[in-house]
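Fold and contact review
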Amino acid sequence: MFKMCSVVLLTFVVVRSAYAVVPHTHKIVESVVAPSEWINVGSAPADHIIPLRIALPQANFAALEEHLYAVSDPAHERYGAHLSKAEVEALVAPHPDSVSAVDTWLSEHGILNKRMLDTTFKIFKHKKHGDEIVRTTRYSLPPHLHPHVELVQPTTLFSRVRRRREAVHSVVQAYPRDVRSAGTITVTRSDGSTMTVDASCNATVTIACLRQLLNIGDYRASGTNGNQIGVAGYSEEYANYEDQQIFYRDQLPEAVNSSFTYTLVNGGKNDQNFNSDEYQDDPDMQTVLGLVFPSPGTFYSTGGKGPWIEDSDTPADTVAAYGAWLDFVLAQEKLPQTISTGYESHEQTIPEAYARRVCAGFAQLGARGTSLLVMSGNGGVGDANGDPRTQSCWTNDGRHKRQFLPAFPASCPFVTTVGSTMYVPEVATEFSGGGFSNYWNRPSYQNNAVAEYLTKQLRGTYAGLYNPNGRAYPDVAAQSINFRIAIYGELTAAGGGQQATAAFAGLVSLLNNARIEHGKPPLGFLNPFLYSSGLTALNDITSGSAQGCGTPGFSATAGWDPITGLGTPDFSKLKDLVLAL
Ligand SMILES: *[C@@H]1O[C@H](CO)[C@@H](O)[C@H](O)[C@H]1NC(C)=O
Ligand SMILES: *[C@@H]1O[C@H](CO)[C@@H](O)[C@H](O)[C@H]1NC(C)=O
């Protein structure tokens, strides 16, 4: 993602914070207000080393975006004609003038010069977690470099990727064995058809239940046709081999003894010791492979800091991990056709230039034919931490304005964002993340769906608390609570947007499998299809609402809504549709 001249890649910039030299030649590139949970506790040590990555503008991104929409829109003659790695790289390469301007700037400064960014780095300590980071609230560059440098990071990045188990609805409880009830439940879906599922699925969601609820029937993927699924993990959370076996023994005996691949990115680890203090589990691989076995799965464990940092007082730089993961996967010739990721941060805590760069990287994945599924969040219209009824939500831009808090990467227009439902018949969960981006305008593929919601359903409610012109999410939804999965060596009931995302990703991987079996290219970026012809294969969810910011939040309604999107998928109908494309 970060196209750099090679000299920059391995550059260590020593920042001596004691001097606040202000060259008249610099102009501010970015200025942020440190989020209130990060307290400035003093100047960074004079010899503190920060490896900086300098992103040069992708001069031709508009052309890449055009290709992305052409190959992702079923109505376009180029549908499915995804771009190769080389074609994408040619489109996002920096202009040679940018490369030489930055090269000259670096060599003029001998690289190790405190004045380069005209900034002062400080140590910030996290109020709740106690970790410390070295950051600044603004940095500058000589004006002639502004057109040639998109961003320099980590400088102003304060956000954390939310650890899923901090999220209220990811709480693991003892598996309630006594709630399995006998019989079946018959429900009527939004198109008038009926569906019958085991009554036990209303309290415990197993792979067998997902097959019923998603109308997968006995369709199976192949282990040999090249279909693959990836799960992107961050924030020191790990997929566990033993948990995977416990899960298979419980629900998928034919998969016992099979495993998945671990891919370590940017210093990420493969920690299998759930007795260690640092261990956190990422059970998403169980749900995706539960649906997709025997197609192979890859777990990406992405570290927050580069392996070259030996400095123990530099904590995991978790948000930068999105960029590091993209750098890694985009450099691979072959990508999984489907990738799931269940993490979120508040959009406003990610500097806009950085968020844009990461989102542009997701567009590259789509252009190459990968479907990326992202969790909509676990905090409704606000924050997953704290009581949604009393939460106050404010902008962090110095205006301190009351506002709903959209999530990233959910708000990126080039991903498919998955909201949360529960129970049979399905209703929206009260924690399903949803809302409107303040960084991206509404993309045209969702224009009709969202405009209809705003004018016919919302009709002015919450005016001022959200951006009515912003990219609206989620796009779709899936079951999310009472999943029976193995965590820390035990079967438990777990829930959260990450489970919904994994379930939806599993379904998409089965669709990609069907396309591959018929000699067709994979689905790639899904949204232009979902908002057009795909719509008839989604079951509209019309009840439930997500609280937050001291409000009842958005409600599920007829048509698209910012809590369950267009609805939950019907595999059998979708399969017929995608095989006809
Ligand atoms: C499913 O469970 C929910 C929550 O307990 C309940 O409200 C609903 O009535 C149940 N559905 C059926 C068909 O019993
Ligand atoms: C899994 O491996 C164990 C130990 O080698 C073996 O006893 C068992 O039969 C295997 N199970 C399956 C389903 O292959």
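In every chain, residue numbers begin from 1 and rise along the written sequence. Whichever chain is written first becomes A and whichever ligand is written first becomes 1, with later ones labelled in order. A pLDDT threshold of at least 70 governs which residues receive local features in this predicted model, and a stricter bar of 80 or more applies before side-chain atom pairs are shown or counted, although totals over entire chains, interfaces and linings include all residues. Hydrogens and water molecules were not included; the side-chain quantities draw on all heavy atoms of the structure.

In this description, a nonpolar core means a group of buried Ala, Val, Leu, Ile, Met, Phe, Trp, Tyr and Cys residues linked to one another through side-chain atoms lying within 4.5 Å. Relative accessibility decides the category of a residue: with a 1.4 Å probe and only protein chains considered, values under 20% of the type maximum give buried, values over 50% give exposed, and everything between is partly exposed. The biggest cluster of nonpolar side chains holds 149 residues, and the ones touching the most others in it are Trp105, Trp325, Phe362, Leu365, Phe408, Phe436 and Phe554. If you count residues domain by domain, this core takes at least three from each of domain 1 (11–73 + 97–153) and domain 2 (165–219 + 336–580). Here the limits of each domain have been adopted from an automatic or database domain assignment.

Bringing the sheet that holds strand β7 (residues 132–135) into the picture now. Paired strands, as defined in this entry, are two strands with at least two bridges between them according to DSSP. Strands are runs of DSSP state E lasting at least two residues, helices are runs of H or I lasting at least four, and both sets are numbered from the N terminus onward. Pairing in this open sheet of three strands is antiparallel, and the strands run β3-β6-β7 from one edge to the other. Each edge of the sheet is formed by a strand with only one pairing partner; in this case those strands are β3 (38–43) and β7. On average, each strand axis in the sheet is inclined to that of its neighbour by 35 degrees, with strand direction left out of account. Across five bridges, β3 lies against strand β6 (residues 122–126) in antiparallel orientation. If you follow Gly42 over to β6, its bridge partner there is Ile123. Here an axis means a line fitted to C-alpha atoms, over the contact stretch when the element is a helix, while the angle between two N-to-C directions is reported on a 0 to 180 degree scale.

This brings us to the site of ligand 1. By nearness alone, every residue bordering ligand 1 is listed as Ile185, Asn202, Tyr423 and Val424. Identification of polar contacts relies on pairs of N or O atoms within 3.5 Å, with a donor-acceptor requirement for protein atoms, meaning one able to donate a hydrogen and the other able to accept it, and with residues adjacent in sequence counted only if both atoms are side-chain atoms. With respect to ligand 1, the side chain of Asn202 contributes an N or O atom lying 2.3 Å from an oxygen atom. Within the backbone of Val424, a nitrogen or oxygen atom sits 2.9 Å from a nitrogen atom of ligand 1. Accessibility throughout is a Shrake-Rupley quantity obtained with a 1.4 Å probe, and a residue counts as covered only by protein chains that appear here. Look at ligand 1: alone it shows 360 Å² of surface, and the protein chains cover 42% of it. We define proximity as follows: a residue is near a molecule or strand when any one of its heavy atoms falls within 4 Å of that partner.

Ring pairs shown here join Phe, Tyr and Trp side chains whose ring centres sit within 6.5 Å, with only the six-membered ring taken for Trp; geometry is labelled stacked below 30 degrees between planes, edge-to-face above 60, and tilted in between. Counted under the stated rule, the structure contains 28 aromatic pairs. Aromatic side chains Tyr241 and Tyr262 sit 5.8 Å apart centroid to centroid with 75 degrees between the ring planes, which places their arrangement in the edge-to-face category. Here Tyr262 lies in strand β14 (residues 261–265) and Tyr241 lies in helix α6 (residues 241–251), a separation of 21 residues in the sequence. Under the relative-accessibility criterion, Tyr241 is labelled partly exposed at 31%. Between Phe404 and Phe554, the aromatic rings sit 5.4 Å apart at their centres with planes inclined by 80 degrees, giving edge-to-face as the arrangement. Taken as a pair, Phe404 in the loop between β18 (371–375) and β19 (407–408) and Phe554 in the loop between β27 (538–539) and β28 (568–569) lie far apart in primary sequence, 150 residues in all. Across the pair, exposure class does not vary: Phe404 and Phe554 are buried alike.

To continue, consider the pattern of salt bridges. Any Lys or Arg side-chain nitrogen found within 4 Å of a carboxyl oxygen on Asp or Glu counts as a salt bridge. A complete count under the given rule lists 10 salt bridges for this structure. Between Glu150 and Arg357 there is a salt bridge, with the nearest N and O atoms lying 2.9 Å from each other. Of the two residues, Glu150 is situated in the loop between β8 (138–141) and β9 (151–153) and Arg357 in helix α9 (residues 352–367); the sequence distance between them amounts to 207 residues. The exposure class of Glu150 is partly exposed, given its relative accessible area of 27%. Judged by its relative accessible area of 0%, Arg357 falls in the buried class.

As a further point, take the state of the cysteines. When two cysteine sulfur atoms lie within 2.5 Å, the pair is treated as a disulfide. Under the counting rule described, the total for this entry stands at three disulfides. Note that Cys201 is cross-linked by a disulfide to Cys209, the S-S spacing being 2.1 Å. Linking Cys201 and Cys209, the disulfide has an S-S dihedral of approximately -85 degrees and is accordingly described as left-handed. One disulfide bridge connects Cys393 with Cys549, the sulfur atoms lying 2.1 Å from each other. One quick way to see it: the torsion about the S-S bond of Cys393 and Cys549 is about -95 degrees, and its sign makes the bridge left-handed. One end of the pair, Cys393, is in the loop between β18 and β19; the other, Cys549, is in the loop between β27 and β28, with 156 residues separating them in the sequence. Cys549 sits in the buried class, given a relative accessible area of 2%. The disulfide pattern of the protein is 1-2, 3-5, 4-6 when the bonded cysteines are numbered in sequence order.

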